[in-house]
Amino acid sequence: MSRKSRAAAAGAPAAGKASNKVRTLSRQNLSLAWSTIRGRKGGFAAVLVAVAIGSAVISACGVLLETGISSGVPAERYHRAAVVVGGYQAMNVEGDTDPRLSERVRLSADTVGKVGTVKGVESAVGDISVRMTVLKNGSVLDGPPVYGHGWSASVLAPFTLRSGTPPRAPDDVVLDRGLAEWAGVAPGDTVTLVTGSKPESYKVSGVAEPAATFRRQSAVFFTDDRAARLHGTPGTIDAVAVLAAPGTDAGDLADRIEKAMPGVVTYTGDDRSDAETLDVGQTRSFVIEVASAFGATMILLVIIVVAGTLALSVQQRRRELALLRAVGATPRQVLRMIGGEAVIVGGIGAVLGAVPGILLAMLLHSAFTAAGVMPSGFSLVITPTPVLVALLICVVAARIGGWLAARRAAKVSPVEALGDVAVEPKKLGWFRLSLGVLFVPAGLAVAIVLPIALPGESAIEGAASSALVLVIAVGLLGPKLFAGVASLLGRRKGDVTWFLATANSRARARRLSAATTPLIMGVTMASAQLFSGTTLAATAHDQAVDGVIADYVVTSAGPGISPDLAEELRRVPGVRTVAPVARTSTILTWPDGDSIQYRISTAQGVDPAAVPDTMNLGVLRGDLSRLTGSTVALSRLVAGTVGADVGGRVDVHLGDGTVERAKVVAVYENGLGFGDVTLPHDVVLAHTTDHLDQWLMVNSGPEADLGAALKPYPTLSVRDAEAVIAAPSGDSGDGGVSIVLNAVLLGYLAIAIVNTLVMATISRRREFALLRLVGTRTAQVRSMMRQEAGIIVISAVVVGTIAALPSLIGMSYAIRHSVFPSVPPLIYLGIVIAAAVIAWPAVMVPARLALRPPAVEAVARPE
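Residues numbered from 1 in each chain as written. Predicted model: local features only at pLDDT ≥ 70, side-chain atom pairs only at ≥ 80, totals over all residues. Heavy atoms only, no water.

1. Some thoughts on the pairing of strand S8 (residues 172-176)
Rules: Note on exposure labels: buried denotes an accessible area under 20% of the residue type's maximum, exposed denotes more than 50%, and partly exposed covers the range between, all computed with a 1.4 Å probe on protein chains only. Note on conventions: DSSP H or I runs of at least 4 residues are helices, E runs of at least 2 residues are strands, and numbering of each starts at the N terminus. Two strands pair under a simple rule: DSSP has to find at least two bridges between them.
The element S8 is extensively covered by neighbouring structure, given that 5 of its 5 residues are classed as buried. Burial of S8 is two-sided: the residues Asp172, Val174 and Asp176 facing one way and the residues Val173 and Leu175 facing the other way are all buried. In this structure, S8 lies alongside strand S10 (residues 198-210), joined through 5 bridges in parallel fashion. Bridge pairing links Asp172 to Lys203 in S10.

In structure tokens, the structure reads:
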């Protein structure tokens, strides 16, 4: 016990007289807590590290959340426009976040004239964008997306002709300077542009340069009439860009436009880029969702880890706390002293984690950009607010953890405390034991019963929650579980060091289990996260590969495939069936009590007549041949989620927000492989931005020469059935983000594991000294610790795997009616090796350090 701690203890009786007046954050209590911290710096270092790193991660999540809310990308094509008017690119949901629509919500062409009459508008310019591909030497030109526009929209950047003339003939085009240089063309040359699948040659009439460099897109300008024909949606435009009269404030002008034209949305500042390309708004929504969900998970994890670390710290101070109780300190005083220590250490740790949190946010921002889920130029927003919120959360987490850790130490009587310091109590508290025992069947029930009893995705979510419930049970029952594993291992005969290792593990089960719990959590969460992902991916792959019964799949290297190409291929000799497939994203809504629930689902549009010969959706009920008009087919999981079956109706919000009250004509199994919603082909195609197909599935005989038929279309290629990749709920970048965030989460757990194991081992230097004084050689102590490290790793792997298995089995059953999840052996081996690599040095390095001083000197040192 330190000198300052003894001095604090001497003043405890006096403090006890005014115990009702002393508060956790009072000056007297904080002074006492600070004296204890200064006297036991090493004991509080682990808590400080756990809080600091937790603060860094929570701060990073906060920065990302604020970035999603406030950030944007500087406007490029609308650089000169003060205000941009567009459709509302989301579905309005009362009391919840409005989900983004995946396709362009267009405006009527007469909107231009109406906007032009608003006070403060100098001119209003309607703009349309047509995705296209540029060919160079017969191959697709790499680079940012290329959009075609009418020449009248060139004033919005503005573009200035550097050479040549504006487009005057239908086959004239003006390229932006960067694209012209990349394609290697100049005025007078010919360039090949592909709209949909059809390549056409155009004369380069001029090269123009924008006022600001384009980084995210390239522009091609046609005559206005030609651009309208290529747009393919007569009477509509994508947006109206407004040039303001001199002296007009953009914000005031936007308000006047919205009042004059209810239903439209105005964009100013960096928000103008939301109307330029849809990916910016989708990125904002994605970042908000990810940061919120991951931040909430990290807050819970930080509370658990900090509470466990504080609990270990309090256990190591039982002699000191016993002395405090013996000299008259009341339980309330001890509780408040430990609470004050937690607040001080938590506050310092939270402050220390603030700056690293901002750096972590920068790293995550770079990772998201590299993964393709953030467009280049989507800047990071850094303000004090996320840091202050993280400070508050971490202090509260430390306070909660301190209260949980101090409860037992504060309640024991002085006599029990002095008699209890040498040996750990053998029994767990009845409340802790009862709660832990109850959590075990609860975790098994949500993993086994819910996938059977609940429909749709509720079964998957219920099974996924099992891992967390069982991890909590492990934390409560840890000493019993650890002692049980040690007892089983102790039955194996071994030398004296093995006997000491197993005996010590049983005797110190409470302390060692507190140090091992983060490792168990790491094994459980890593297994649950990784193997749920592999199970989903394997199921989706199997469904797609087994479900495609077409001989060939035509794919595009550009934005998509022209819808009229399907009819052309049907005329090729030997071709029996051609099934066009259009892809989009839909939002299903259904009533739930007084509220409306929604689900974003990947959807496909198919020709029902061609489906039997080209794809097998695994129809469970209903008839896909009835998929015409306002009808829909749903996957089993989605049908159960929305509560709709064959003959029922569901509200389907198509990609551009159009609502179809669709009748369910079929329920099928293979939703992961093809999409959870299947609609008539013409319905999907009419409500997509580009009006293009993604695939053409072809069933043909050996005499059909598809390569020759597609030779005039250089962006198209013929591939085998595996070209149809599993239809995920998001794009490939989402998988990269998931990997990054899981790495951060598991990284925090790894640091917590090292932290607690080092803390638990270094505190045993007096024990090591006593062993050496009674005749145990230093090499034998090291051997004992090696075997203890092995027990810790084995316990964590065994218990962590058992805790993760019910969740994985339940998810696998809900997803594919199989109790066998997809567990790649190499990945599981990697988890085991990672547990060993993390735990072994965390035990052995501090053990070696604790064995360096002579035994006599070490045993005389205070704890």
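That covers the picture; the talk isn't over yet.
2. Let's talk about the confidence of the model for the chain
Filter applied, for reference: Per-residue confidence from the predictor is reported as pLDDT, which spans 0 to 100. We call two residues in contact whenever any of their non-hydrogen atoms come within 4.5 Å of each other.
The share of residues in the chain with pLDDT of 70 or more is 89%, and the mean pLDDT across the chain is 84. Predicted confidence for residues 1-22 stays below pLDDT 50, and this span has 30 contacts to residues more than four positions away or in other chains. Taken together, the stretch residues 726-733 has pLDDT below 50 and engages in 16 contacts with residues farther than four places along the chain or on a different chain.

3. Overview of the packing of aromatic side chains
Stated precisely, the cut-off is as follows: Aromatic pairing here means that ring centres of Phe, Tyr or Trp (its six-membered ring) are within 6.5 Å. Orientation follows from the plane angle: under 30 degrees is stacked, over 60 is edge-to-face, and everything else is tilted. Both a distance and an angle decide whether a charge sits over a ring: NZ of Lys or CZ of Arg must be within 6 Å of the ring centre and within 35 degrees of the ring normal.
Scanning the model with the defined rule gives 5 aromatic pairs in all. Ring centres 5.3 Å apart and planes at 75 degrees place the aromatic pair Phe159 and Phe214 in the edge-to-face group. Here Phe159 is found in strand S7 (residues 159-164), whereas its partner Phe214 is found in the loop between S10 and strand S11 (218-222), with 55 residues between them in sequence. One exposure class covers both Phe159 and Phe214, and it is buried. When the ring of Phe159 is compared with that of Phe221, the centres are 4.8 Å apart and the planes differ by 75 degrees; the resulting orientation is edge-to-face. Remark: Phe221 occurs in strand S11 and Phe159 occurs in strand S7; sequence separation between them is 62 residues. For Phe159, a relative accessible area of 9% gives the class buried. A relative accessible area of 0% places Phe221 in the buried class. Members of the aromatic cluster, connected to one another through ring pairs, are Trp151, Phe159, Phe214 and Phe221. Positioned over the ring face of Tyr78 is Arg77, at 4.8 Å from the centre of the ring. Here the guanidinium or amino end of Arg131 rests over the ring plane of Tyr147, the centre of that ring lying 5.7 Å away.

4. Structural notes on the pattern of salt bridges
Here is the rule: Any Lys or Arg side-chain nitrogen found within 4 Å of a carboxyl oxygen on Asp or Glu counts as a salt bridge.
Throughout the structure, instances matching the rule amount to 16 salt bridges. One salt bridge connects Asp127 with Arg77, and the closest N-O pair in it is separated by 3.0 Å. Of the two residues, Asp127 is situated in strand S3 (residues 121-127) and Arg77 in the loop between helix H4 (41-70) and strand S1 (83-86); the sequence distance between them amounts to 50 residues. Residue Arg77 is classed as buried on the basis of its relative accessible area, which comes to 2%. Residue Glu457 pairs with Arg599 through a salt bridge whose shortest N-O separation is 2.2 Å. With Glu457 in helix H17 (residues 457-490) and Arg599 in strand S17 (residues 595-606), this pair connects stretches of sequence that are 142 residues apart. Each of the salt bridges in this network shares a partner with another, and the network as a whole consists of Arg162, Arg177, Glu181 and Glu209.

5. Regarding the sheet that holds S1
Which entries qualify depends on this criterion: Helix axes use the C-alpha atoms of the stretch in contact, all axes being lines fitted to C-alpha atoms, and the angles between their N-to-C directions lie in the range 0 to 180 degrees.
Spatially, 4 strands are ordered S3-S13-S1-S14 in an open sheet, and the strand pairing comes out antiparallel. Here the strands that pair on one side only, and so sit at the sheet edges, are S3 and strand S14 (265-267). Each strand of the sheet is rotated relative to its neighbour by a mean of 25 degrees, with strand direction disregarded. Pairing analysis gives 6 bridges linking S3 to strand S13 (residues 239-244), with the strands arranged antiparallel. Each bridged residue has a counterpart across the sheet, and for Gly126 the counterpart in S13 is Val240.

6. With respect to the nonpolar core
In plain terms, the rule: Residues belong to one nonpolar core when they are buried, are Ala, Val, Leu, Ile, Met, Phe, Trp, Tyr or Cys, and are joined through side-chain atoms within 4.5 Å.
Of all hydrophobic cores here, the largest spans 47 residues; its most connected members are Phe294, Met298 and Leu301. Every element with two or more residues in this core is listed here: H4, helix H10 (278-315), helix H12 (331-352), helix H13 (354-371), helix H14 (384-411), helix H19 (509-547) and helix H26 (732-762). Considering every element that reaches this core, the biggest residue donor is H10, with 12 residues. Those residues within four positions of Phe294 in sequence are excluded, and the remaining contacts are Val57, Cys61, Leu741, Val744 and Leu745. Counting 38 residues, the second largest nonpolar core, distinct from the first, contains Val121, Met132, Val207 and Val220.

7. Here we look at the packing of helix H27 (residues 765-773) against helix H28 (residues 778-816)
Condition: For classification, angles of less than 35 degrees are called roughly parallel, those exceeding 145 degrees roughly antiparallel, those between 65 and 115 degrees roughly perpendicular, and all remaining angles oblique. Handedness of a crossing is defined here by the sense of rotation of the near helix relative to the far one, left-handed for an anticlockwise turn of less than a right angle and right-handed for a clockwise turn. All residues other than Ala, Val, Leu, Ile, Met, Phe, Trp, Tyr, Cys, Pro, Asp, Glu, Lys and Arg, Gly among them, are scored as polar; the first ten of these are nonpolar and the last four charged.
At a closest axis distance of 9 Å, the pairing of H27 and H28 adopts a crossing angle of 135 degrees. With respect to each other, H27 and H28 are oriented oblique. The handedness of the crossing between H27 and H28 is right-handed. Each of Glu767, Phe768, Leu771 and Arg772 in H27 lies in contact with H28, whose residues at this interface are Thr778, Val781, Met784 and Met785. Split by residue class, the contact of H27 with H28 holds 5 nonpolar, 1 polar and 2 charged.

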